[in-house]
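Structure assessment
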Amino acid sequence: MDLFLQQLVNGLMIGSTYAVVAIGFALVFTVLRVINFAHPDIFVLGMFTGLLAAVHLSDNLLVVAACGALGAALFGLVLERVVLRPLRERDVLMTLIGTLGVAIMLQNGMAKLMGPDPVAFPPVVPVTLLLSERIIVTSTQALNFGISILLLIAVSFYVRKTRFGRATRAIAERPDVAAAFGVDVNLVSQVTVVIASAMAGVAGVSVGMLYGSAWAFNGLLYGLKAFVCMLVAGNRYFEGVILVALALGVIEALVTGYISSSYRDVAAFVILIGVLYFRPNGLFGSYAV
Amino acid sequence: MMDSYLHWQPVIVITLINVMLTCGLYVTAMSGQLSLATAAIAGIGGYTAAVLTTNFGWPFLPATAIAVLAGALVGTFVAAVTVKMREFILKLTTLAFGEAVAVLAFNIDYIGGANSFTGIPFYSNIWVVIGGTAIAIYLARRFDGSRLGLAARAVRDDPLAASAMGVSILWTRIVTFALGGAIVGAGGSIQAHYLLILNPHELGFFISLTYIIFLLVGGMQSLWGPLLAAVVLTALPEISRFLADYRMILYGFVIVLVVLFRPEGLLTRAPTRTASRRPAGPPPGRTQAARARSL
């Protein structure tokens, strides 16, 4: 029972980060119809800008997180204008290749600047054990989970309750009709990419603090998983993506705990094949592509 | 001169193997559906042939023949399973299939599992590689111009019209996937007997993506585009070795540039390009006449 609870907690921790990256994927894919494979690397970019801020600026958590968000958002802004905007309306696979080119540049650029090996992330918050009776939760784990949940609540509010959120859903349904009704598709696309990137940046900082290290190629681990989460859930309901990401984290942790860690990565793809076969539009439905 | 050949030989061999695998992917894609599992099928071919030559002492050619058969069978299987799926979902299913194969290879201890399959004998000298590549290009060229190739193109351009004309979508898919899978399986066998090691990580989605990059960057309208892209993009990181750490950045940059500025790929067929450049709408003479009538 203790093992189960411990793996459940571990799974929710990693799942919450999957969720933040997957939501960014889903937001950009829904609005721009572009699979942004550079998104996980924007997450790493946020990790590094946060790290630089922590080393050179201040070890205040808010400052570090804000710098992570800012670095990622700025890159997202430029990326949208230069690469993603021309890629809209293109074949989905073409968008994937184009953004993969950006991802390769970003990964190797960061490896060039920060070194090809993992870099230590300075301890912004002290690491302490919170629950040590039966299950172990560290302060950084709890912080990572808290930050992710806050980000997810914020993005849910944004999509459901704000004017831009409504425009987002309108474009997701029918971009042409939304444009005919006066929605500025370019502006909404830009805002979407910036928000998704900023979220990824904050999540990057929080994962950097969690593992105490940052690596230029960290994004690879999260990229494919987040992509799978979006496909399994379908992009109609962002809450569905969150749910699937949390569930995937828990399932992976349980597989690791009860079977073997080498089977951990099977879970995501077995689930993907099953869902694609029985519900090609995802568990909760998708917008037409 | 000899030194420079020894220095460039691995680059030439890897480039040719990539050309071969790209030929296979090109044939697969001719019926309009891409497989995102090229690396996995190459891996199946590679593992099959390597087990036969290493563990059973088979000669290279029969082992490769079995690898070809395995590739064709897997191609047929993937085509038959996915024939009714929508385009995007089909691509994702092949992706998931490839990842599943990679994970499977990772967990089978008989073929080395996570520790890689090693001790493969060396068979793929430069002549074997050149021969294999030549056969792959010949097959792809022959298929391109054959009746079946034309049928596949018809299915790609308009499945509905093609099936109305009596072309069976199921059979063209199966033929293209099987032939493509066979070529990829042979390429996998040659690759395994050159690198002498097989690693489950090399079967995954990101390796398959490199062949998709060759195909899309080169352009899907003729065989020469993808082959040109395979040569240029494989050799680019090697030729630009003097740029040291910047070469992968350059690689990404080239891909982004091509995707942004050559949406149809590097090489396109001239007639399609002129057709798409013709402005839409009625010619000016008729609009004037229409205006005159309305007055």
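Procedures and definitions
- Residues numbered from 1 in each chain as written.
- Chains lettered and ligands numbered in written order.
- Predicted model: local features only at pLDDT ≥ 70, side-chain atom pairs only at ≥ 80, totals over all residues.
- Heavy atoms only, no water.
- Helix = DSSP H or I, 4+ residues; strand = E, 2+ residues; numbered from the N terminus.
- Contact = heavy atoms within 4.5 Å.
- 1 Å grid on protein atoms, 1.4 Å probe; cavity = no way out; pocket = protein on both sides within 12 Å on 5 of 7 lines; lining within 4 Å.
- Points joined across faces, edges and corners; volume = space filled by probe spheres on them.
- Nonpolar A, V, L, I, M, F, W, Y, C, P; charged D, E, K, R; others polar.
- Buried area = accessible area lost by both parts, 1.4 Å probe.
- Salt bridge = Lys/Arg side-chain N within 4 Å of Asp/Glu carboxyl O.
- Polar contact = N/O pair within 3.5 Å; in protein donor to acceptor, adjacent residues only side chain to side chain.
- Buried < 20%, exposed > 50% of the residue type's maximum accessible area, 1.4 Å probe, protein only.
- Core = buried A, V, L, I, M, F, W, Y, C linked by side-chain atoms within 4.5 Å.
- pLDDT = per-residue confidence, 0-100.
- Axes fitted to C-alpha atoms, helices over the stretch in contact; angles between N-to-C directions.
- Left-handed = near helix turned anticlockwise from the far one by under 90°.
- Expected span 1.5 Å × (residues − 1).
- Phe/Tyr/Trp six-rings, centres within 6.5 Å; stacked < 30°, edge-to-face > 60°.
- Patch = residues over 30% accessible without salt bridge, like charges linked within 9 Å, V, L, I, M, F, W, Y side chains within 5 Å.
- Areas by Shrake-Rupley, 256 points an atom, 1.4 Å probe, with all protein chains shown as cover.

Quick word on the overall build of chain B
- Of the regular secondary structure elements, chain B holds 13 helices and two strands.
- Nonlocal contacts in chain B, meaning residues at least 24 apart in sequence, comprise 79% of its contacts between residues at least 6 apart.

Here we look at empty space enclosed by the protein
All names here are of chain B.
- One pass over the structure, following the stated rule, counts one cavity of 30 Å³ or more.
- Quantified by volume, the largest cavity comes out at close to 50 Å³.
- Around the largest cavity, the lining residues are Leu-25, Thr-28, Ser-35, Thr-38, Ile-41, Gly-75, Phe-177, Gly-180, Gly-181 and Val-184.
- Looking at which element gives the most residues to the lining of the largest cavity, the answer is helix α8 (residues 169–195), with four residues.
- Counted by class, the lining of the largest cavity contains four nonpolar, six polar and no charged residues.

Some details on the interface of chain B and chain A
- The partner chain A presents 37 residues to the 36 residues of chain B that form the contact.
- Roughly 3,200 Å² of surface becomes buried between chain B and chain A when both sides are summed, with 83% attributable to carbon and sulfur atoms.
- The three residues of chain B that bury the most area against chain A are Phe-88, Phe-206 and Val-259 of chain B, which together make up 17% of that side's buried surface.
- Between chain B and chain A we count zero salt bridges in total.
- Applying the counting criterion to the chain B and chain A interface returns one residue pair in polar contact (both at pLDDT 80 or more).
- When residues of the side of chain B that touches chain A are traced back to their parent elements, those giving at least two are α4 (87–107), α9 (205–218) and α11 (247–261) of chain B.
- Among the elements that line the side of chain B that touches chain A, the one with the most residues is α4 of chain B, at 14 residues.
- Residue classes in the side of chain B that touches chain A are distributed as 28 nonpolar, three polar and five charged.

Structural notes on the environment of Val-185 of chain A
Residues and elements named next belong to chain A.
- Relative to the elements of secondary structure, Val-185 occurs in helix α8 (residues 185–211).
- As for Val-185 and Leu-32, which are separated by 153 residues in sequence, their C-alpha atoms are 8.9 Å apart.
- In this structure Val-185 touches Arg-88, Ile-171, Pro-175 and Ala-179, once residues within four positions along its chain are discounted.

Focus on unusual backbone geometry
- The backbone of Arg-33 of chain A shows a phi angle near 55°, a positive value even though the residue is not glycine.
- Within the secondary structure layout, Arg-33 of chain A lies in the loop between α1 (2–32) and α2 (39–56).
- Phi is positive for Ser-116 of chain B, which is not a glycine, with a value near 75°.
- As for its placement among the helices and strands, Ser-116 of chain B is situated in the loop between α4 and β1 (117–118).

Considering the side chain of Thr-17 of chain A
Residues and elements named next belong to chain A.
- You can see Thr-17 is positioned in helix α1.
- The class of Thr-17 is buried, set by a relative accessible area of 2%.
- Filtering out sequence-adjacent residues up to four positions away, Thr-17 remains in contact with Phe-43, Asn-144, Ser-148, Val-207 and Tyr-222.

What to know about the nonpolar core
- Counting 174 residues, the largest nonpolar core has Ile-23, Ile-35, Phe-43, Phe-121 and Phe-227 of chain A together with Ile-212 of chain B as the members making the most contacts within it.
- Among the elements that line this core, the one with the most residues is α1 of chain A, at 14 residues.
- The contact partners of Ile-212 of chain B, leaving out residues within four places of it in the chain, are Leu-93 and Ile-97 of chain A together with Leu-25, Leu-34, Ser-35 and Leu-36 of chain B.

A closer look at the confidence of the model for chain B
- Per-residue pLDDT for chain B has a mean of 84; in total, 90% of the residues score no lower than 70.
- Below pLDDT 50 for its whole length, residues 271–295 of chain B participates in four contacts with residues either more than four positions away or in separate chains.

Considering the pattern of salt bridges
- Taken as a whole and assessed by the stated rule, the structure comprises seven salt bridges over all chains.
- Residue Arg-153 of chain B is joined to Asp-144 of chain B by a salt bridge in which the shortest nitrogen-to-oxygen separation is 2.6 Å.

A short note on the packing of helix α2 (residues 38–55) of chain B against helix α3 (residues 60–82) of chain B
Residues and elements named next belong to chain B.
- It is at 8 Å that the axes of α2 and α3 come closest, and there the two elements cross at 150°. Judged by the twist between their axes, the crossing of α2 over α3 is right-handed. Two secondary-structure elements touch here, α2 through Ile-41, Ile-44, Gly-45, Thr-48, Ala-49, Leu-52 and Thr-53 and α3 through Phe-60, Ala-63, Thr-64, Ile-66, Ala-67, Ala-70, Gly-71 and Val-74.
- A class-by-class count of the residues in the contact of α2 with α3 yields ten nonpolar, five polar and no charged.

Focus: helix α5 (residues 139–161) of chain A
- Counted at 1.5 Å a residue, the expected span for α5 of chain A with its 23 residues is 33 Å, and the 32 Å between its end C-alpha atoms agrees.
- Along α5 of chain A, the residues classified as buried are Ser-139, Thr-140, Gln-141, Asn-144, Ile-147, Ser-148, Leu-151, Leu-152, Val-155, Ser-156, Tyr-158 and Val-159 of chain A.

Section: the packing of aromatic side chains
- Summed over the entire model, instances satisfying the criterion amount to 14 aromatic pairs over all chains.
- With a centroid separation of 6.0 Å and 75° between ring planes, the pair formed by Tyr-211 of chain B and Phe-214 of chain B is classed as edge-to-face. Taken together, the residues Tyr-211 of chain B and Phe-214 of chain B, both in helix α9 and three residues apart, mark about one turn of the helix.
- Here the aromatic cluster, defined as three or more aromatic residues joined through ring pairs, consists of Phe-25, Phe-37 and Phe-227 of chain A together with Phe-205 and Phe-206 of chain B.

Section: a nonpolar patch on the surface
Residue and element names in this part refer to chain B.
- Nonpolar side chains collect at one region of the surface, where Phe-56, Trp-58, Ile-66, Leu-69, Leu-73, Leu-104, Ile-108 and Tyr-110 lie side by side and expose about 810 Å² of accessible area between them.
- It is α3 that contributes the most residues to the nonpolar patch, three residues altogether.
- On the secondary structure map, Phe-56 appears in the loop between α2 and α3.
- Phe-56 gets classed as exposed once you look at its relative accessible area, which sits at 52%.

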